[in-house]
Amino acid sequence: DAGITQSPRHKVTETGTPVTLRCHQTENHRYMYWYRQDPGHGLRLIHYSYGVKDTDKGEVSDGYSVSRSKTEDFLLTLESATSSQTSVYFCAIRQNSNQPQHFGDGTRLSIL
Amino acid sequence: AQSVAQPEDQVNVAEGNPLTVKCTYSVSGNPYLFWYVQYPNRGLQFLLKYITGDNLVKGSYGFEAEFNKSQTSFHLKKPSALVSDSALYFCAVRDMGSGGGADGLTFGKGTHLIIQP
């Protein structure tokens, strides 16, 4: 498996609280991605990064922010969590344009 | 905008029979196409990709996929199914010309493949 670690693996929190998910890679890949997986929707892109401090929005970015201060770490923050953000969150990395993305094992987030 | 359709929520196949999981796509330019497999409580595992070249692409675990530009399809196939192939399969696309190469993938909703002993 690609060297991708997501933390935490499971989290339960309350509406209105801030939440930060971490993705750590040991592959030194340039591109990193955050997706959410929901039944009936497949995976949807939240944000992505194409280098340190270089990020952009994906399809479902509202309510989320990201930061990448080092090549190896990509953080996803829910500033004020809502129940609609209950989901499984996946981080992915990619080396270059022609290569596939490789995924972490996900974080299951429940917002009560 | 790009999109992917996986028309079957579930496909049931007897062990030893050939299997097909269908995928059609829509992009404005030329596509990069991918198949991934997901086992319970795990991330997605890459199976195969089409970038350019031969329309028949071979991948991991005996899977292959055929790119058909006129039908905008990229169906996943395997000649002889195994019970261990039972999982959730995702087709994904990216437009070659989009986002300077940084864009993420657009996924289909997934197809549950069930192989019956």
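See the structure above.
Calculation notes
- Numbering of residues starts from 1 in each chain and follows the order in which that chain's sequence is written.
- Chain letters and ligand numbers both follow the written order, the letters beginning at A and the numbers at 1.
- Totals for whole chains, interfaces and linings use all residues, but because this is a predicted model, local features are given only for residues with pLDDT of at least 70 and pairs of side-chain atoms are given and counted only at 80 or more.
- Derived side-chain values reflect all non-hydrogen atoms in the structure, with water molecules and hydrogen atoms excluded from consideration.
- Helix numbers and strand numbers start at the N terminus; a helix is a DSSP run of H or I with at least 4 residues, a strand a run of E with at least 2.
- Only C-alpha atoms enter the radius of gyration; for comparison, a globular chain is expected to reach 2.2 Å times N to the power 0.38, where N is the number of residues.
- Under the scheme applied here, a residue whose accessible area is under 20% of the maximum for its type counts as buried, over 50% as exposed, and between as partly exposed, the area being computed with a 1.4 Å probe on protein chains only.
- What makes two residues a contact is simply this: any of their non-hydrogen atoms within 4.5 Å.
- Buried area: the accessible surface (1.4 Å probe) lost by two parts on joining, summed over both.
- In the sections that follow, a salt bridge refers to a side-chain nitrogen of Lys or Arg positioned within 4 Å of a carboxyl oxygen of Asp or Glu.
- Only Asp, Glu, Lys and Arg are considered charged in this grouping, and only Ala, Val, Leu, Ile, Met, Phe, Trp, Tyr, Cys and Pro are considered nonpolar; every other residue, Gly among them, is considered polar.
- N or O atoms within 3.5 Å of each other form a polar contact, as long as, within protein, one can give a hydrogen and the other can take it, and as long as residues adjacent in sequence are counted only when both atoms are side-chain atoms.
- Between any two strands, at least two bridges found by DSSP are needed for them to pair.
- Only C-alpha atoms enter the line fits that serve as axes; for helices the fit covers just the stretch in contact. Angles between N-to-C directions range over 0 to 180 degrees.
- We call a pair of cysteine sulfur atoms a disulfide whenever their separation is within 2.5 Å.
- By nonpolar core we mean a set of buried residues, namely Ala, Val, Leu, Ile, Met, Phe, Trp, Tyr and Cys, connected to one another through side-chain atoms within 4.5 Å.

1. Some details on the overall build of chain B
Working step 1: Helix and strand content of chain B: zero helices and twelve strands.
Working step 2: Along chain B, from the amino end to the carboxyl end, the secondary structure elements read β-β-β-β-β-β-β-β-β-β-β-β.
Working step 3: Relative to the globule expectation of 13 Å for 117 residues, the C-alpha radius of gyration of chain B, 14 Å, shows essentially globular dimensions.
Working step 4: For chain B, the C-alpha atoms occupy an extent of roughly 45 × 30 × 25 Å along the three principal directions.
Working step 5: Burial status across chain B gives 47% buried among its 117 residues.

2. Concerning the interface of chain A and chain B
Working step 1: In this complex, chain A contributes 25 residues to the contact, which on the side of chain B involves 22 residues.
Working step 2: It is Leu 43, Asn 98 and Phe 103 of chain A that lose the most area in chain A upon contact with chain B, and together they represent 24% of the buried surface on that side.
Working step 3: Asp 105 of chain A serves as the salt-bridge partner of Arg 42 of chain B, at 3.2 Å between the closest nitrogen and oxygen.
Working step 4: Those elements giving two or more residues to the side of chain A that touches chain B turn out to be β4 (31-38), β5 (42-51), β9 (87-94) and β10 (102-103) of chain A.
Working step 5: A breakdown of the residues in the side of chain A that touches chain B according to their chemical character gives ten nonpolar, ten polar and five charged.

3. Some details on the side chain of Gln 25 of chain A
All names here are of chain A.
Working step 1: Looking at the element boundaries, Gln 25 is found in strand β3 (residues 19-25).
Working step 2: One polar contact links the side chain of Gln 25 to the main-chain amide nitrogen of Asn 28, over a distance of 3.2 Å.
Working step 3: Ignoring any residue separated from it by four or fewer positions in sequence, one finds Gln 25 in contact with Gly 3, Met 32, Arg 68, Thr 71, Glu 72 and Ile 93.

4. Focus: the pairing of strand β2 (residues 10-14) of chain B
It is a general feature of regular strands that their side chains alternate between the two faces of the sheet.
Residue and element names in this part refer to chain B.
Working step 1: In β2, alternate side chains face the same way, and those of Val 11 and Val 13 are buried while those of Gln 10, Asn 12 and Ala 14 on the opposite face are not.
Working step 2: Note: β2 against strand β12 (residues 111-116), five bridges, orientation parallel. Within β12, the residue paired with Val 13 across the bridge is Ile 115.

5. Here we look at the sheet that holds strand β1 (residues 4-7) of chain A
All names here are of chain A.
Working step 1: Pairing is antiparallel in the open sheet, where four strands are placed in the order β1-β3-β8-β7. Looking along the sheet, the strands with just one partner apiece sit at the ends: β1 and β7 (64-70). With strand direction ignored, the average angle separating the axes of adjacent strands in the sheet is 20°.
Working step 2: Alignment of β3 against strand β8 (residues 73-78), held across six bridges, turns out to be antiparallel.

6. A short note on the state of the cysteines
Working step 1: Scanning the entire structure with this criterion turns up two disulfides over all chains.
Working step 2: Between the sulfur atoms of Cys 23 of chain A and its disulfide partner Cys 91 of chain A the distance amounts to 1.9 Å. Torsion about the S-S bond of the Cys 23 of chain A and Cys 91 of chain A cystine: about -70°, corresponding to left-handed handedness. A residue pair is termed long-range when its members are at least 10 positions apart, and Cys 23 of chain A in strand β3 and Cys 91 of chain A in strand β9 qualify at 68 residues.
Working step 3: The exposure class assigned to Cys 91 of chain A is buried, which follows from its relative accessible area of 0%.
Working step 4: A sulfur-sulfur separation of 2.0 Å characterises the disulfide bridge that pairs Cys 23 of chain B with Cys 91 of chain B. Handedness here is read from the sign of the S-S torsion; for Cys 23 of chain B and Cys 91 of chain B, about -60°, the answer is left-handed. You can see Cys 23 of chain B sitting in the loop between β3 (19-21) and β4 (24-26) and its partner Cys 91 of chain B sitting in strand β10 (residues 87-95), a full 68 residues away along the chain. Like Cys 91 of chain B, Cys 23 of chain B is buried.

7. Regarding the nonpolar core
Working step 1: Leu 19, Trp 35, Leu 47, Leu 48, Phe 74, Leu 76 and Tyr 89 of chain B are the most contacted members of the largest nonpolar core, which has 27 residues in total.
Working step 2: Among the secondary structure elements, those contributing two or more residues to this core are β2, β3, β5 (31-38), β6 (44-50), β8 (64-68), β9 (73-78), β10 and β12 of chain B.
Working step 3: Sort the elements by how many residues they give to this core and β10 of chain B lands first, with four residues.
Working step 4: Apart from residues no more than four positions distant in its own chain, Leu 47 of chain B is found in contact with Trp 35, Tyr 36, Val 37, Gly 59, Ser 60, Tyr 61, Phe 63, Leu 76 and Tyr 89 of chain B.
Working step 5: Of all hydrophobic cores here, the second largest spans 21 residues; its members include Leu 43 and Val 88 of chain A together with Ile 51 and Phe 90 of chain B.

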